Structure formats: structure tokens, C-alpha cells
Amino acid sequence: MTTFHWVTQLLYVASAVCFVLGLHLMNSPATARRGNQVSTGGMALAIATTFALVVHAGTVTATGWIVMIAGILVGAGAGLYSARTVQMTAMPQLVSLFNAVGGGAAALVAVHDYVRLAGATTGVPESTTIPTILDVLIGAVTFSGSIIAAGKLQGVINAAPVTFRGSRAANIAAAVVGVGGGAYMIAAPSVPVMIIIILAALAFGVTMVMPIGGADMPVVISLLNAFTGTAVAMAGFVIGNWALIIAGALVGASGSILTKLMADAMNRSLRNIMIGGFGTGDSTPAVAGPGGDVRSVAADDAAIQLAYAQKIIIVPGYGLAAAQAQHQVAELAALLEERGAEVSYAIHPVAGRMPGHMNVLLAEANVPYPQLKEMEEINPEFSRADVALVIGANDVTNPAARRVGTAISGMPILDVDQAKSIIVIKRSMGHGYAGIDNELYVNPKTSMLFADAKSALTDLIASVKTLVG
Amino acid sequence: MTAELLTDITIFVLALLVGFEVISKVPATLHTPLMSAANSIHGIILAGAMLIAVTADNALGYILAFVAAAFAAMNVVGGYVVTGRMLKMFRRSRAPVPAADTPAAVNGQRTGGRG
């Protein structure tokens, strides 16, 4: 080992330390920003070290330099632009998209190495073949799966569970081809077989995510995030690079833990995600649609109800986020508090689109932490609440989850229906991501304020001020 | 089976354990930023993408090098920027938000003073 290699390996170790410290500092909101900076520093160090390695190798052709630098510039530009312009509400899609390209890049790294070795006279050593197979399989599944997940969240692809005759069989067939092809590659190195297993893995990613409803998408994104980490670690085995192995393993571990936490919060089993048909239940969708009438209410009446309530629980959901109304809700809450009411926010673990997503949005609107209550903490309080104000939340309030045989059966929900009265701000009777009717809306205690969250809240603020101010 | 492979496996297993240990302590409020942060760390694959160029000498190699570098650079740059943007919003108190590049400020949708 030359001095140069010693130094580069030690620099890789230093960047790995930065990644671990960075994640550790994310334990608390106070140090989280510093954590991200430390992690960024580690990444910059790792990239600079790699650059030195590339230069030191001295075998890069002129074309090689051009394609590498052009690729980095194009990718960095696209990443920077999308990260700076994305709305906070569209964050999960973007994370999913970054995840897709990360998984895709991991697979391509192994593809290049395998094609090169398969063409050489020495052949492909077994210690390279196995990680290559794992890398291309996992990377390709992540690539197609993450794109489908992002498409479902963005509304480009039908968010409801999509199944067709034989979709489960197609899923299993893709898995069999992938694993079988991988086994063949161990016995006899073959580039065409590698292409076949990549195609099978891409198909597996699609057939794995398509049958999953949008409401469960956070779990899927988190799982795919762990997949990408693992694929990156495998790429590290293929090219013998410690930085990739360590960082990939860290992400694989973190993604797995997050996935488990999320799945627990939603009472879903991870096994079902992998098998497909996740969250769709095993029967046809329940027919028990809204049996009663929907009562609609004007902003003035809703404002009076709120103004004379002692205890108000606000249930923010995706509709609030989509309308960018987090500032209006904070203003209304402050106004009601001034009148002596007790206001708190009920935060479902997956409110918004990911765990903690709603916390990010309300933090943006300067809502103090102590007012944000988690589900276990707030659920017993609903029965004492005079008014539950549901703003653009749908599936997480649907009492249908308590019965069996619906698309959301078993999902923990906020007990909004226990409140003395309920006001729901919503644009229409449209469905949530689970694609089913919400029984809360036909509850006799519920009044519906049909409007965009932002204009409804602005009207409520004005009405509270003029009518009772 | 080589000695290098054994070292690689050792590193991998230990890193997994460190990952579990470090991450299982993060509070729920930070799960979204955490997912995003973890997402940016696997952008380290950019190092692997750059190393393709070392051995690339034909059209296929160049295409793979370009696409892999573009994908990985998008992952790493986008991931860190978006995580930083999210974390900037976490504050303990009701101190006024500086007119930084929060999306609300960008869109001119900040409602100003509170009641």
C-alpha cells in the first residue's frame, strides 16, 4: 500500500465519522441543523478524496473526463433546482425521486464493473458476482419502485391500489426470474442474464408498489430508502470502496428502523408490503358507503361555534399542507387562544405524507412545539373537546378503520368522532389516498365547510373578529 | 474468498450496528428530516460513479459513467439542500421567521403578524 492509498483510506474513514456524527446530532431539533452540516462536510471530503483517486489513477480518457464532469454538472443542477423550488408539501415525492436516482446509480456502478470483468480474460471472481447480483437487483427494484411511489404521491399515477388479474402472479414471476437469473450468474458469468434480471427487478419494483394505496406510501418510501442504502453498500463490495460500504450500511440500518416505526404506527405488516396487495384487504372494498346526509355549514356559523368553544382540537391533514394554509391555521389558533379557548393540534404519525411531515409544516408557521400532540396523547382528549376542527385530513379520521374489511382496516386513527361537534374543512367529498368514503362526514355531529383550506381559514378568522370580536 | 472480502464484510456488519444504534434514538418529529438526511448520505454512490470513469474506455462505459454520475449528483446535492431547508424551519419558540428562502417567503404567502 502506498502512502497515497493510506491517506485516501484515512480520509474515507474521516468522512464516515462525519456521517455517524451527523446522524447522531439529528437526535434533537436543536442540533439537527449542525448534524446536516457535519454530514455535508463528510460528503464533500469523500467526493474530494474520490476525485484525487480518479486523478491519481491516471487512466481516465479525455472523453471519460468530459462525460463524468458533464454528468455531475447536469445531476447537481437538477438536484439543486428541484430542492430549492419544491414546496414543503411535495417533499415526500422529491425524497422518493432522489432515492430512485440513487438506487439507479448504485445499480449502474455494478453493471459497468461486471461488463468489464466479463469481457476480460480473468473472468468474474465469485466475491464480485454475488454483490453485483444483489446490487443490480436491489438497485433496479428501488429505481422503478421509487418512481412509481413518487408518481402516486404526485397524482400522476392512480393513488388507489391498482391490481389487475394476475398482478400478484406477475410480481412472483418477476421475483423468480430475478433470483433464478442471479443463481445462474453465480454458476456462469453472463451479461445477457444480468440484463434479464435487471428487467425482472424493474418489473418487480412496479408490481410491488402499484397495488399499494397512497396512504401507505410513506412506509414504502422509507423501505425503498433502506434498499438504496443496501444497494450502495453492495456497490462498495463490488468496487472495493469502504466509504460506500459504511455509508450504505448506515442508511440501510436507518431506513429499516424508520420503516418499522412507521409500519408500527400504521399497524401494517412489512411482510405484506413485499408480497403485494398491501393495505387492500383480502375482500372486495366494503360497500358500507355514507348512509346518511351530509350537513354543510357556512363560515359564519362555524366561526360562532369555534368562538364559544372552550376546548378546540385542530386536526391538520394534507389538505392544509396542499393549500399552504399553515400560517392561517396558526393565526386562527392564536385568535381563539386570546379568547380563552384551549387549542391543541392532533398530529397523526403520518399526517401530511411522512412521519413528522406535519411537524415540519407547522414549524414553518411558527406553531410552538408543546401545542403539537401526538396521537396516543390526544385521543383520550377528543371526548372532552367542544369542537374538533378537521382541516383537509381524511383517511386518518375515518372511523371505518375500526371495522374489518375496509381498505384502511386496522390503521390507527384519531378519534375525532368522539368530539362533541366536528367541523370539517374540505374542498369536496372527494376521497383520500385510500380511495374510500369517510364515514366521519355523514356523522350527525359533523358539519362540512366546503372550501379550500386557505380561503376557509381566512373567512373563519374574519368572521371570528367581526362577529364576536 | 479473499482477505479483502472478509474485511469488507466486517466493516459492513459493524456499520449496520452503528446505524441501528445511532438512529433508534431520533424523535418522531425529526423523522422526515432524518429520512431526507439518510437519503442524502446514500448519495455517496457518486464516489462509485466517478470511479467508473477510471476504467471506462468504450461507448457503453461512457454512457454508464454519464448517467450514473448525473443520477448520483442529483441525489447528493438535492438531498443535502432539501434537508437543510427543512431543518432551518425547526424552532423552539415563536421568534419571527427571518425572510430566508422558506417556501412561504418565496411565494409571498407569509401572512405577517399573528393575532
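Residues numbered from 1 in each chain as written. Chains lettered and ligands numbered in written order. Predicted model: local features only at pLDDT ≥ 70, side-chain atom pairs only at ≥ 80, totals over all residues.

## Brief notes about the overall build of chain B
For chain B, the count of helices and strands is five helices and zero strands. Order of helices (α) and strands (β) in chain B, N terminus to C terminus: α-α-α-α-α. Counting only residues that meet the buried cut, chain B has 54% of its 115 residues in that class. (Helix = DSSP H or I, 4+ residues; strand = E, 2+ residues; numbered from the N terminus. Buried ≥ 20, exposed ≤ 12 C-beta atoms within 10 Å, placed from the backbone.)

## Some details on the sheet that holds strand β6 (residues 446–450) of chain A
All names here are of chain A. Judged by pairing direction, the sheet is parallel, and its six strands sit side by side in the order β3-β2-β1-β4-β5-β6 without closing on themselves. The open sheet has two edge strands with one neighbour each: β3 (372–374) and β6. The sheet shows a mean angle of 25° between the axes of neighbouring strands, taken without regard to direction. In terms of strand pairing, strand β1 (residues 311–316) meets strand β4 (residues 387–391) through five bridges, oriented parallel. Bridge pairing in β4 links I313 to A388. Sitting on the sheet, helix α13 (residues 326–338) touches β1, β2 (342–347) and β4, and the angle it makes with β1 is about 175°. (Pairing = 2+ DSSP bridges. Axes fitted to C-alpha atoms, helices over the stretch in contact; angles between N-to-C directions. Contact = placed C-beta atoms within 7 Å.)

## Section: helix α11 (residues 299–307) of chain A
Residue and element names in this part refer to chain A. All of the buried residues in α11 are A299, A302, A303, L306 and A307. Along the long axis of α11, the arc covered by the buried residues comes to 135°, so they all point the same way. Tucked inside the fold, the buried residues of α11 contact β1, α13, β4, β5 (421–426), β6 and α16 (453–468). (Arc of directions from axis to C-beta.)

## Considering the interface of chain A and chain B
Residue-level contacts link 106 residues of chain A with 89 residues of chain B. Only α1 (3–25), α2 (29–57), α3 (62–85), α4 (91–119), α8 (217–239), α9 (242–265), α13 and α14 (357–364) of chain A provide two or more residues apiece to the side of chain A that touches chain B. Classifying every residue of the side of chain A that touches chain B by side-chain character gives 62 nonpolar, 37 polar and seven charged. (Nonpolar A, V, L, I, M, F, W, Y, C, P; charged D, E, K, R; others polar.)

## Digging into the nonpolar core
Of all hydrophobic cores here, the largest spans 204 residues; its most connected members are V109 of chain A together with A68 of chain B. No other element matches helix α4 (residues 59–87) of chain B, which puts 19 residues into this core. Counting the residues that make up this core, at least three belong to each of domain 1 (3–275) and domain 2 (299–468) of chain A. With sequence-adjacent residues up to four places away left out, V109 of chain A is seen in contact with A235, V238 and I239 of chain A together with I45, G48, A49, I52 and A68 of chain B. (Core = buried A, V, L, I, M, F, W, Y, C linked by C-beta atoms within 7 Å. Domains from an automatic or database assignment.)

## Points about the packing of helix α5 (residues 126–154) of chain A against helix α6 (residues 167–187) of chain A
All names here are of chain A. Running from N to C, α5 and α6 cross one another at 165°; their axes reach a closest spacing of 10 Å. Relative to α6, the element α5 lies roughly antiparallel. In terms of crossing hand, the pair formed by α5 and α6 is right-handed. Contacts between α5 and α6 involve E126, T129, I130, I133 and L137 on the former and, on the latter, G178, G182, M185 and I186. Considered class by class, the residues forming the contact of α5 with α6 number five nonpolar, three polar and one charged. (Parallel < 35°, antiparallel > 145°, perpendicular 65-115°, else oblique. Left-handed = near helix turned anticlockwise from the far one by under 90°.)

## Considerations on the confidence of the model for chain B
Residues and elements named next belong to chain B. Summary statistics for chain B give a mean pLDDT of 78 and a share of 71% for residues scoring 70 or more. Across residues 93–115 the pLDDT falls below 50, and counting only partners more than four positions away or on other chains, this stretch makes 30 contacts in the model. Interface confidence in the predicted complex, given as ipTM, is 0.80; pTM for the same model is 0.79. (pLDDT = per-residue confidence, 0-100.)

## Thoughts on the domain arrangement of chain A
In terms of domains, chain A is made up of domain 1 (3–275) and domain 2 (299–468). The straight-line distance from the C-alpha centre of domain 1 of chain A to that of domain 2 of chain A is 37 Å.

## Focus on the confidence of the model for chain A
Of all residues in chain A, 93% have pLDDT values of 70 or greater, and the mean over the chain is 86. The low-confidence segment residues 276–290 of chain A, where pLDDT is below 50, has 38 contacts with residues more than four positions distant or belonging to other chains.

## Let's talk about the environment of T230 of chain A
With respect to the element layout, T230 of chain A can be found in helix α8. The spacing of T230 of chain A and I138 of chain A is 92 residues in sequence and 7.7 Å in space, taken between C-alpha atoms.

## As for the packing of α4 of chain A against helix α3 (residues 45–55) of chain B
In contact at an axis separation of 9 Å, α4 of chain A and α3 of chain B are set at 30° when each is read in the N-to-C sense. Classified by the angle their axes make, α4 of chain A and α3 of chain B are roughly parallel. The two elements α4 of chain A and α3 of chain B cross, and the hand of that crossing is left-handed. Contacts between α4 of chain A and α3 of chain B involve G102, A105, A106, V109, H112 and R116 of chain A from the first element and I45, G48, A49, I52 and T55 of chain B from the second. Residues that form the contact of α4 of chain A with α3 of chain B fall into these classes: six nonpolar, four polar and one charged.

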